[in-house]
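# What the coordinates show
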Amino acid sequence: MQQPRRLVRALQQNIAQVIVGKEDIIELALIALLCRGHLLIEDVPGVGKTTLASALAKSLACSFKRIQFTPDVTPADVTGFSVVNFKTGELEFKPGAVMSQIVLADEINRTSPKTQSSLLEVMEEYQVTVDGVTHPLPRPFLVLATQNPVEFVGTYPLPEAQMDRFFMRIAIGYPSVEDEMDILERYSARVSPLSQLAPVCSAEDILSMQAAVGEIYCSREVRSYVATIAAATRRHPALQLGVSTRGAIALIRAAQACALLAGRDFIIPEDVQRMALPVLTHRVMLSPEARMKGVAADRVIAGLLETTQVPVRVP
């Protein structure tokens, strides 16, 4: 259990050279990595969404590709395509940008829904099917997607099915005055801090940490607690769409990673409560009446956590 914690601390320290004052956000991003989950970073322009994704990718000794999504990007650019080899007369597969271990899908809501949907199979089944032939993706595989708020001009909101495939959604937020002064000092130097990052973790290390997460014990009481929270979202009057079973599974996995980083081999309710907002809020849909009243999804989830009975006997 100590080895995964040491590796995560090394990753946190490495990324903190670039992302200042956001230790909790860095930890959430690493929890998504440990849980084999994809991460959606949603915030206003200029707060470091792409920088966080790039810093995480640079900290891992894995293959990395970036897709800058625009309206003219096609599904073939993402998944790849087949071309005829005129020497042999056979079709040859030309891999797209997703045939990499770490994929940065930058401004994913700037491209068309058709191109967005090309990531559905990739994110769920870790494979690409082109012209009837299935190509497995390398492991570990992680999609880091960034997007601006959907109210911004020129954006295409992600469909609910694709939002549900993101393990976690986080927002970086503006830095404090002190942190921003530190950022200005670092980025006013001749060399950018991002260009100086070196890998501190190998692909084998990541796979080992991901396996360790699955060894964390989850009691029947905790499973009942998570299932009760998920069921409550499905009948809440402010929600038109509640948490899916995939979302409940993701919450258990996130709580396992949270327990691992805390040095425990079992989940406690506090792990579930800490992971609930980043794992669940993007998986629910507010009712039209709630949207008109200005109700926020995170407030609804937080309210359910306050009213759901917490198990006493754990593990």
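So, how was this worked out
- The numbering scheme is per chain: residues are counted from 1 as the chain's sequence reads.
- For this predicted model, a pLDDT threshold of at least 70 governs which residues receive local features, and a threshold of 80 or more governs which side-chain atom pairs are given and counted, while totals over whole chains, interfaces and linings are taken from all residues.
- To get the side-chain values, all heavy atoms of the structure are used, and hydrogens and water are removed first.
- UniProt positions are given in the numbering used here, feature names are shortened, and annotations may be inferred rather than shown by experiment.
- Only runs of H or I of at least four residues qualify as helices and only runs of E of at least two qualify as strands under DSSP, and these elements are numbered from the N terminus.
- When DSSP finds at least two bridges between two strands, those strands are taken to pair.
- Axis definition: a line fitted to C-alpha atoms, over the contacting stretch in the case of helices. Angles run 0 to 180 degrees between N-to-C directions.
- By definition in these notes, contact holds between two residues if any of their heavy atoms fall within 4.5 Å.
- What a helix is expected to span follows from its residue count: subtract one and scale by 1.5 Å.
- For each residue, the accessible area found with a 1.4 Å probe, counting protein chains only, is set against the maximum for its type, and the residue is called buried under 20%, exposed over 50%, and partly exposed in between.
- Here a patch means residues that are over 30% exposed by relative accessible area and free of salt bridges, tied together within 9 Å if like-charged and within 5 Å if nonpolar (Val, Leu, Ile, Met, Phe, Trp, Tyr).
- Computed with the Shrake-Rupley method and a 1.4 Å probe, the accessible areas treat only the protein chains shown as cover for residues.
- By salt bridge we mean one thing: a side-chain nitrogen of Lys or Arg within 4 Å of a carboxyl oxygen of Asp or Glu.
- Any N or O atom pair separated by 3.5 Å or less is treated as a polar contact, with the protein-specific requirement of one donor-capable and one acceptor-capable atom, and with residues adjacent in sequence counted only for side-chain atom pairs.
- Any angle that falls under 35 degrees is termed roughly parallel, while one over 145 is termed roughly antiparallel, one within 65 to 115 roughly perpendicular, and all others oblique.
- Here is the rule for handedness: rotate from the far helix to the near one, and if that takes an anticlockwise turn smaller than a right angle the crossing is left-handed, while a clockwise turn gives right-handed.

The name given to the protein chain in an unreviewed UniProt entry is MoxR family ATPase, with Candidatus Avichristensenella intestinipullorum as the source organism. Under the Sequence similarities (unreviewed entry) heading, UniProt states for the protein chain: "Belongs to the MoxR family."

## A look at the UniProt feature "domain: ChlI/MoxR AAA lid" (unreviewed entry) in the protein chain
In the UniProt entry, the feature "domain: ChlI/MoxR AAA lid" (unreviewed entry) is given for residues 232-300. Here residues 232-300 is 59% helix and 7% strand, with 10 Å between the C-alpha atoms at its ends.

## Describing the sheet that holds strand 6 (residues 102-106)
A sheet is described by the order of its strands in space; here five strands give the open sequence 3-6-9-1-10, paired in parallel fashion. If you trace the sheet from one side to the other, it starts and ends with strand 3 (64-68) and strand 10 (168-170), each paired once. In this sheet, adjacent strand axes meet at a mean angle of 15° when their direction is disregarded. As paired strands, strand 6 and strand 9 (residues 142-147) are joined by four bridges and run parallel to one another. Looking at strand 9, one finds that Ala-105 is bridged to Ala-145. Strands strand 1 (39-42), strand 9 and strand 10 of the sheet are contacted by helix 2 (residues 23-34), whose axis makes an angle of about 165° with strand 10.

## Some points on helix 12 (residues 269-280)
End to end, helix 12 covers 16 Å across 12 residues, agreeing with the expected 16 Å (1.5 Å per residue, within 8%). For helix 12, the set of buried residues is Pro-269, Asp-271, Val-272, Met-275, Ala-276, Pro-278, Val-279 and Leu-280. Of the surrounding secondary structure, the elements contacted by the buried residues of helix 12 are helix 2, strand 10, helix 10 (220-234), helix 11 (245-261) and helix 14 (297-307).

## Things to note about a nonpolar patch on the surface
On the surface, Val-84, Phe-86 and Leu-91 cluster together to form a nonpolar patch covering roughly 380 Å² of accessible area. Within the element layout of this structure, Leu-91 appears in strand 5 (residues 90-95). Leu-91 gets classed as exposed once you look at its relative accessible area, which sits at 57%.

## Focus: the side chain of Asn-14
In this fold, Asn-14 is placed in helix 1 (residues 2-15). Residue Asn-14 is classed as buried on the basis of its relative accessible area, which comes to 7%. Polar contacts involving the side chain of Asn-14 include one to the side chain of Gln-17, which spans 3.0 Å. A polar contact is formed between the side chain of Asn-14 and the backbone oxygen of Ala-198, at a distance of 3.1 Å. Sequence-distant contacts of Asn-14, that is, excluding residues within four places in its chain, are made with Ser-59, Leu-197, Ala-198 and Val-200.

## Focus on the pairing of strand 8 (residues 133-136)
Bridge count between strand 7 (residues 127-130) and strand 8: four bridges; the pairing is antiparallel. Counted as the bridge partner of Val-128 is His-135 from strand 8. A loop of two residues connects strand 7 with strand 8, the two strands running antiparallel in sequence, and Asp-131 in this loop sits at a positive phi of about 55°.

## Quick look at the packing of helix 1 against helix 2
Closest axis-to-axis distance for the helix 1/helix 2 pair is 10 Å, and the angle between their directions is 135°. For the element pair helix 1 / helix 2, the angle class is oblique. Here helix 1 runs over helix 2; the crossing is right-handed. Contacts from Val-8, Leu-11, Gln-12 and Ile-15 in helix 1 reach Ile-26, Glu-27, Leu-30 and Leu-34 in helix 2.

## Quick word on the pattern of salt bridges
Taken as a whole and assessed by the stated rule, the structure comprises 10 salt bridges. Here Arg-169 and Glu-42 are joined by a salt bridge, their closest N and O atoms 3.8 Å apart. Taken together, the positions of Arg-169 in strand 10 and Glu-42 in strand 1 put the pair 127 residues apart, joining distant regions of the chain. Of the charged contacts, one joins Arg-264 and Asp-271 as a salt bridge, the two residues approaching to 2.8 Å between their closest N and O atoms.

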